[in-house]
Amino acid sequence: MAGLDPDDWSDLRRLGHRMVDDMIDHLRDRRETKLWRPMPAEIRSALRDAPLPREGRDPGALYDEFRTLVVPYANGNTHPGFMGWVHGGGTAIGMLAELLAAGLNSNLGGRDHAAIEIERRVIAWSAEMLGMPPESSGLLVTGSSAANMIAVLVASRAAVGTGVRTAGVAAGDGARLVAYAATTVHGCVARAMDITGFGTDALRRIGVDRDQRIDLDALQAAIGADRAAGAIPFLVVGSAGTVDCGAIDPLDALATIAARERLWFHVDGAFGALAAVSPTRGHLLAGIGRADSLAFDFHKWAQVPYDCGCVLVADPSLQAATFAQTLDYLRRAERGLAANAPWPCDLGPDLSRGFRALKVWMTLGTFGTDRLGEVVDACCDVASHLAARVRDTPRLELAAPVALNIVCFRPSDPAIDIDRLVADLHEEGLVAPSTTTIGGRRTIRAAIVNHRTERRDADLLIEGVLARL
Ligand SMILES: *Cc1c(COP(=O)(O)O)cnc(C)c1O
């Protein structure tokens, strides 16, 4: 027996066709199936207790297990009623792109092959889409958590030089590098400060105004106080769409402050950056193109299947200066497969990398940015509709302004147990909002990020909540 390819390809081909047909049907009929259901104990233990396979089994039997043990108990974010956290809905063409990418099994760490050019193209398109300079460097990564972390590293190297790459962050005169973001910033930015060794205390949390946007006077005061105390301010992070309620920090004003104070300006636009392609909401992001770096996700509002985030850095020399190594075994050749420098592995922490770019390339190619912009608008329209329903319902109240696509609301009666109510909705399997805390009170949170979500799903959410009051 040679290798792992099948003796008879026709069985596998039939199985593959069946898988594709089944998954296309699954997506087509998603509204008709339950959004989510709790895993019964026997299903969970069938998955948890499965022994390490010593002998192989028929892939058809494994596929049957996938259909019965996995598909009915999936995350639910392909369902139109999914409004929890910030999850994209994915598309059938994105799914097929994953199949093609796995078939080629390309390694996008580097080397001279077409897939690298696709990723470079996707990065250039991203910069154009978001108004970043055309020469920006960038990388597709797992998500905005990784993208924000890469940006924190690049910003710190830009501030104190790349000497820390060899000497370590504790070197120097001991002065502390500090960064700024609103209290509403996503938790992964503090995590990035933690992982990179600067520490979460070095992320100064600045208060927000009534619209949940960073308070610029407080920011200015904090920078001054830190300087006076001998710290080294190096970074200010603005959010283009906060995770709680979708607020957009005043990006243009932040860019101006950052330029004046000689700070790196990073934008976390995980989902909100995609509003740039909306015909009616793009102006909300004014100033985003002035960012020194930008993190956003293709797997959220751009509907690319998980996982795919992106980091862009305006000055292309700085990302490479942060990550490139000149190890001998990675030396780039003039010709042959080892040519085509700089390689993506010079721009981030990973050496081996998959062909994430293909599903982005096929998604952008299939729909175009115009259609994706319409999806952004349609999601915002559903959010406006939901907010209007809340305003018209005496027993409900909005908990925050609706800037974009996120609606935070709650029953006026503070005695209602929000977490229980939302868990009940999840188990019913029609709609799935999540929860957050705003102004010290638990709140229902509906983030409309899925291209399949319609006004009637917002209506189902209102009805589901009212039925439980
Ligand atoms: C989702 C999100 C993140 C984290 O992105 P991942 O892709 O989940 O790693 C960061 N910031 C904001 C505003 C988000 O919505």
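You'll find the structure just up there.
> Even after reading the chapter, I still don't get unusual backbone geometry, so can you show me in this structure?
Negative phi is the rule for most residues except glycine; trans is the rule for most peptide bonds. Put simply, Tyr-306 and Asp-307 share a cis peptide bond, and its omega is -10°. On the secondary structure map, Asp-307 appears in the loop between strand 6 (293–297) and strand 7 (309–313). The residue after Ala-341, namely Pro-342, is reached through a cis peptide bond having omega -5°. Looking at the element boundaries, Pro-342 is found in the loop between helix 11 (316–323) and helix 12 (356–391). The phi dihedral of Trp-85 falls on the positive side, at around 45°, and the residue is not glycine. Residue Gln-212 is not a glycine yet carries a positive backbone phi of 65°. With respect to the helices and strands, Gln-212 occurs in the loop between strand 3 (203–206) and helix 9 (216–228).

> Help me understand the side chain of Thr-184 in this model?
In this structure, Thr-184 sits in the loop between strand 2 (177–182) and helix 8 (187–195). According to the relative accessible area criterion, Thr-184 is buried, its value standing at 11%.

> Looking at this structure, how should I read the site of the ligand?
Near the ligand lie 13 residues; those nearest to it are Ser-145, Asp-268, Asp-297, His-299 and Lys-300. Within the backbone of Ser-144, one N or O atom sits 3.0 Å away from an oxygen atom of the ligand. Taking His-299, its side chain carries an N or O atom lying 2.9 Å from an oxygen atom of the ligand. With the chains in place, 86% of the 380 Å² that the ligand exposes on its own is no longer accessible.

> How should the sheet that holds strand 9 (residues 406–411) be read in this particular structure?
Strand pairs in the sheet, formed through backbone hydrogen bonds, run parallel or antiparallel to each other. Strand order in the open sheet formed by 4 strands is 8-9-11-10, with antiparallel pairing between adjacent strands. Strands with a single pairing partner mark the edges of an open sheet, and in this sheet they are strand 8 (396–398) and strand 10 (434–438). When the angles between neighbouring strand axes are averaged without regard to direction, this sheet yields 40°. Two strands pair when backbone bridges link them, and strand 8 and strand 9 are joined in this way by 3 bridges, in the antiparallel orientation. Of the residues in strand 9, the one forming a bridge with Leu-398 is Phe-409. Lying over the sheet, helix 13 (residues 418–428) contacts strand 9, strand 10 and strand 11 (441–447), oriented at roughly 30° with respect to strand 11.

> Hey, could you run me through the environment of Glu-65 in this one?
Here Glu-65 is to be found in helix 3 (residues 59–70). A relative accessible area of 33% places Glu-65 in the partly exposed class. Measuring from C-alpha to C-alpha, the distance between Glu-65 and Cys-310 comes to 34 Å, with 245 residues separating the pair along the chain. The residues touching Glu-65, leaving out its near neighbours within four places in the chain, are Arg-57 and Val-70.

> Please explain a negative patch on the surface as it appears in this structure.
Side chains of Asp-209, Asp-211, Asp-215 and Asp-217 sit close together on the surface and give a patch of like negative charge. With respect to the secondary-structure elements, Asp-217 resides in helix 9. Assessed through its relative accessible area of 64%, Asp-217 is described here as exposed.

> Looking at this model, I keep getting lost on the sheet that holds strand 6. Mind explaining?
What the 7 strands build is an open sheet, ordered 1-7-6-5-4-2-3; its pairing is mixed. Taken across any chain shown, the strands that pair with only one partner, and hence form the sheet edges, are strand 1 (137–141) and strand 3. Each strand of the sheet is rotated relative to its neighbour by a mean of 20°, with strand direction disregarded. Bridge analysis of strand 4 (residues 232–239) against strand 5 (residues 264–268) gives 5 bridges, and the strand direction is parallel. Following the sheet pairing, Leu-235 is matched in strand 5 by Trp-264. Of the strands in this sheet, strand 2, strand 3, strand 4 and strand 5 are in contact with helix 8, which crosses strand 3 at around 160°.

> Before we go on, may I ask you to explain the pairing of strand 5 in this structure?
Taken residue by residue, a regular strand's side chains alternate between the two faces of the sheet. The buried count for strand 5 comes to 5 of 5 residues, which makes it a mostly enclosed element. The side-chain alternation of strand 5 yields two buried faces, one formed by Trp-264, His-266 and Asp-268 and the other by Phe-265 and Val-267. Regarding topology, helix 10 (residues 251–261) serves as the crossover connection from strand 4 to the parallel strand 5, and that connection is right-handed. Bridge count for strand 5 against strand 6 is 3 bridges, and the pairing is parallel. Residue pairing in the sheet places Val-267 in a bridge with Leu-294 of strand 6.

Each value, and the rule that gives it
- Residues numbered from 1 in each chain as written.
- Predicted model: local features only at pLDDT ≥ 70, side-chain atom pairs only at ≥ 80, totals over all residues.
- Heavy atoms only, no water.
- Helix = DSSP H or I, 4+ residues; strand = E, 2+ residues; numbered from the N terminus.
- Buried < 20%, exposed > 50% of the residue type's maximum accessible area, 1.4 Å probe, protein only.
- Near = heavy atom within 4 Å.
- Polar contact = N/O pair within 3.5 Å; in protein donor to acceptor, adjacent residues only side chain to side chain.
- Areas by Shrake-Rupley, 256 points an atom, 1.4 Å probe, with all protein chains shown as cover.
- Pairing = 2+ DSSP bridges.
- Axes fitted to C-alpha atoms, helices over the stretch in contact; angles between N-to-C directions.
- Contact = heavy atoms within 4.5 Å.
- Patch = residues over 30% accessible without salt bridge, like charges linked within 9 Å, V, L, I, M, F, W, Y side chains within 5 Å.
- Salt bridge = Lys/Arg side-chain N within 4 Å of Asp/Glu carboxyl O.
- Lys, Arg positive; Asp, Glu negative; His and termini not counted.
- Charge placed at Lys NZ, Arg CZ, Asp CG, Glu CD.
- Right-handed = clockwise from strand over helix to strand, strands pointing away.

Any functional reading would require information beyond the geometric quantities listed.
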